[in-house]
Amino acid sequence: MDVTSDVVFEDDAPAFINDSMGYHKVGNPSTSTPAITLHLYCPPFNQCKIWLDPSHASSPSKACMCNYSEYGVKHSCEMFEVNMI
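Conventions we followed
- Residues numbered from 1 in each chain as written.
- Predicted model: local features only at pLDDT ≥ 70, side-chain atom pairs only at ≥ 80, totals over all residues.
- Heavy atoms only, no water.
- Helix = DSSP H or I, 4+ residues; strand = E, 2+ residues; numbered from the N terminus.
- Buried < 20%, exposed > 50% of the residue type's maximum accessible area, 1.4 Å probe, protein only.
- Contact = heavy atoms within 4.5 Å.
- Areas by Shrake-Rupley, 256 points an atom, 1.4 Å probe, with all protein chains shown as cover.
- Polar contact = N/O pair within 3.5 Å; in protein donor to acceptor, adjacent residues only side chain to side chain.
- Patch = residues over 30% accessible without salt bridge, like charges linked within 9 Å, V, L, I, M, F, W, Y side chains within 5 Å.
- Salt bridge = Lys/Arg side-chain N within 4 Å of Asp/Glu carboxyl O.

**Focus: the overall build of the protein**
So, point 1. The number of helices and strands found in the protein is 0 helices and 5 strands.
So, point 2. The secondary structure elements of the protein, listed N-terminal to C-terminal, are β-β-β-β-β.
So, point 3. Out of the 85 residues in the protein, the part that is buried amounts to 4%.
So, point 4. Counting contacts in the protein only where the partners sit at least 6 residues apart, residues at least 24 apart contribute 11% of the total.
So, point 5. With the model as given, the accessible surface of the protein reaches about 8,300 Å², and the carbon-plus-sulfur share is 56%.

Now the structure itself:
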């Protein structure tokens, strides 16, 4: 897979990506300042593949998503549930 773009977003500014491939990578270029991201996906989905170790790109893990609330109804769930595929 080839990188098609590399964008650094500004602090405290919302950003939008049109991810027609269904694949993107989020990283923090700083080695000293922590980063926090909030991802909103419409429509929501229940699970996805994640790659925890870039050196093992052929070995994804399955992450189960949790919608804290859905249509105004609060849900409880195990946060950050990750299963090896």
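On we go.
**Some remarks on the environment of Ser30**
So, point 1. As for its position among the elements, Ser30 is in the segment before strand 1 (47-50).
So, point 2. Ser30 gets classed as partly exposed once you look at its relative accessible area, which sits at 27%.
So, point 3. Engagement of the side chain of Ser30 in a polar contact is seen with the backbone nitrogen of Ser32, the distance being 3.1 Å.

**Things to note about unusual backbone geometry**
So, point 1. Phi at Asp12 is positive, roughly 60°, even though this residue is not glycine.
So, point 2. Note on placement: Asp12 falls in the segment before strand 1.
So, point 3. For Asp12, a relative accessible area of 83% gives the class exposed.

**Regarding the environment of Tyr23**
So, point 1. Of note, Tyr23 is situated in the segment before strand 1.
So, point 2. What makes Tyr23 partly exposed here is its relative accessible area of 39%.
So, point 3. Counting along the chain gives 27 residues from Tyr23 to Ile50, while the straight-line C-alpha distance between them is 9.8 Å.

**A few points about a nonpolar patch on the surface**
So, point 1. There is a patch of nonpolar side chains on the surface, built from Val7, Phe9 and Ile17 and spanning about 280 Å² of accessible area.
So, point 2. Positionally, Val7 belongs in the segment before strand 1.

**Focus: the environment of Met65**
So, point 1. Structurally, Met65 is set in the loop between strand 2 (61-64) and strand 3 (69-70).
So, point 2. A sequence separation of 21 residues divides Met65 from Pro44, and the C-alpha atoms of the two residues are 8.9 Å apart.
So, point 3. Setting aside residues no more than four positions away along its own chain, Met65 makes contact with Phe45, Asn46, Gln47 and Cys48.

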